[in-house]
Amino acid sequence: MTTLQEKVAVVTGASRGIGRGIAIELAKRGASVVINYHSSPDAANEVLAAITEAGGTAMAFQADVSTEDGANALLKAAVDAYGKVDILVNNAGTTRDNVIMMMKADDFDTVLNTNLRSAWLCSKAAVRGMMRKRYGRVINITSVSGVSGQAGQTNYSASKAGIIGLTKALAREVGTRNITVNAVAPGFVLTDLTKDLPEDLINQMIPLIPLGRWATIEEVAYAVAFLASDEAACITGQVLNVDGGMIM
Ligand SMILES: NC(=O)c1ccc[n+]([C@@H]2O[C@H](COP(=O)([O-])OP(=O)(O)OC[C@H]3O[C@@H](n4cnc5c(N)ncnc54)[C@H](OP(=O)(O)O)[C@@H]3O)[C@@H](O)[C@H]2O)c1
């Protein structure tokens, strides 16, 4: 197992689902973890308890990372508490699915702001310190929907495709400072985001996945932990699919 001893990680949207799993996995490998949440303090405190009871180091911090003040406050809190940020995982995300004819402009804005603007704002706030330290790992959670497009998700697919563009552009910008920027693209993972998907849609999707199943939260977290590790030092600007082979 890769070690992240002495590293400091910030995980946005870590109160539930995939972000929760990533925070727990990074802490298990020795990183001090900032658990960001927006509207679920009890869930964030549960993640904090799970990490500290297992002997790890963590703190929870409330911030709406789609706002500049929220993103800046989150990264400042991490530096104030632990002195630096080595690893930033831009995971916070949401959906407002509908066909384009029925989708409100507000639903487009909410999804773009929560998924893409937040990743840009947090990256901007984190990269200055990483450049100074000549070390950094930025890992953006995109989606297979951003790679192949998904009907009913013009807003979400656009936000996730945007994250891939952000990943590649930033990787080129900061590579000489020993900062890597990569994306992880989960397929379907059972979380609050997907639990209400219609049964017939799920049944249509499973035969399209070579492994014949959804990914687990832990499997996504392992990919993030690898990209955060020293073993992944020469990997940048990449999109790693964790999707059972659904997109290839
Ligand atoms: N589940 C899947 O199948 C799947 C597939 C591909 C990609 N993904 C991506 O994986 C990421 C996590 O998804 P999930 O399924 O774990 O979703 P989830 O269970 O709905 O959790 C979403 C998390 O994002 C946080 N969040 C939302 N808006 C925020 C904001 N403005 N500021 C800070 N935090 C915010 C939530 O915090 P609060 O509860 O505290 O508000 C929560 O912790 C998302 O980027 C999603 O697009 C998921």
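Residues numbered from 1 in each chain as written. Predicted model: local features only at pLDDT ≥ 70, side-chain atom pairs only at ≥ 80, totals over all residues. Heavy atoms only, no water.

Bringing a positive patch on the surface into the picture now. On the surface, Lys124, Arg128, Arg132 and Lys133 cluster together into a positively charged patch. Of note, Lys133 is situated in helix α4 (residues 105-133). (Patch = residues over 30% accessible without salt bridge, like charges linked within 9 Å, V, L, I, M, F, W, Y side chains within 5 Å. Areas by Shrake-Rupley, 256 points an atom, 1.4 Å probe, with all protein chains shown as cover. Salt bridge = Lys/Arg side-chain N within 4 Å of Asp/Glu carboxyl O. Lys, Arg positive; Asp, Glu negative; His and termini not counted. Charge placed at Lys NZ, Arg CZ, Asp CG, Glu CD. Helix = DSSP H or I, 4+ residues; strand = E, 2+ residues; numbered from the N terminus.)

Another aspect to go through is the environment of Leu4. Take Leu4: it is sitting in the segment before β1 (8-11). On the basis of relative accessible area, Leu4 is assigned to the buried category, the value being 1%. Excluding residues that lie within four positions of it along the chain, Leu4 makes contacts with Leu26, Arg29, Gly30, Ala31, Ile87, Ala228 and Ser229. (Buried < 20%, exposed > 50% of the residue type's maximum accessible area, 1.4 Å probe, protein only. Contact = heavy atoms within 4.5 Å.)

Moving on to the site of the ligand. Looking at the ligand, there are 31 residues lining it, with Ser39, Ser40, Asn91, Tyr156 and Thr191 nearest. Here Val189 contributes a backbone N or O atom positioned 2.8 Å from an oxygen atom of the ligand. A total of 900 Å² of accessible area belongs to the ligand in isolation, and the protein chains cover 95% of it. For the shell around the ligand, the secondary-structure elements that each account for two or more residues are α1 (17-28), β2 (32-37) and α6 (154-174). Taken together, the residues of the shell around the ligand sort by class into 12 nonpolar, 15 polar and four charged. (Near = heavy atom within 4 Å. Polar contact = N/O pair within 3.5 Å; in protein donor to acceptor, adjacent residues only side chain to side chain. Nonpolar A, V, L, I, M, F, W, Y, C, P; charged D, E, K, R; others polar.)

Here we come to the side chain of Ser15. Following the sequence through the fold, Ser15 ends up in the loop between β1 and α1. Here Ser15 falls in the buried class, since its relative accessible area comes to 9%. Excluding its chain neighbours within four sequence positions, the residues that come into contact with Ser15 are Arg20, Ile35, Asn36, Tyr37, Ser40, Ala43, Ala44 and Val47.

A few words now on the sheet that holds strand β7 (residues 239-242). On the basis of which strands lie adjacent, the open sheet formed by seven strands has the order β3-β2-β1-β4-β5-β6-β7 and parallel pairing. The open sheet has two free edges, formed respectively by β3 (57-62) and β7, since each of these has just one partner strand. Each strand of the sheet is rotated relative to its neighbour by a mean of 20°, with strand direction disregarded. (Pairing = 2+ DSSP bridges. Axes fitted to C-alpha atoms, helices over the stretch in contact; angles between N-to-C directions.)

The buried count for strand β6 (residues 179-186) comes to eight of eight residues, which makes it a mostly enclosed element. Of the two faces of β6, both are covered, the one formed by Ile179, Val181, Ala183 and Ala185 as well as the one formed by Thr180, Asn182, Val184 and Pro186. Across six bridges, the pairing between strand β5 (residues 136-141) and β6 is parallel. Paired with Gly136 across the strands is Ile179, a residue of β6. Pairing between β6 and β7: four bridges, direction parallel. Along β7, the bridge assignment pairs Ala183 with Val239.

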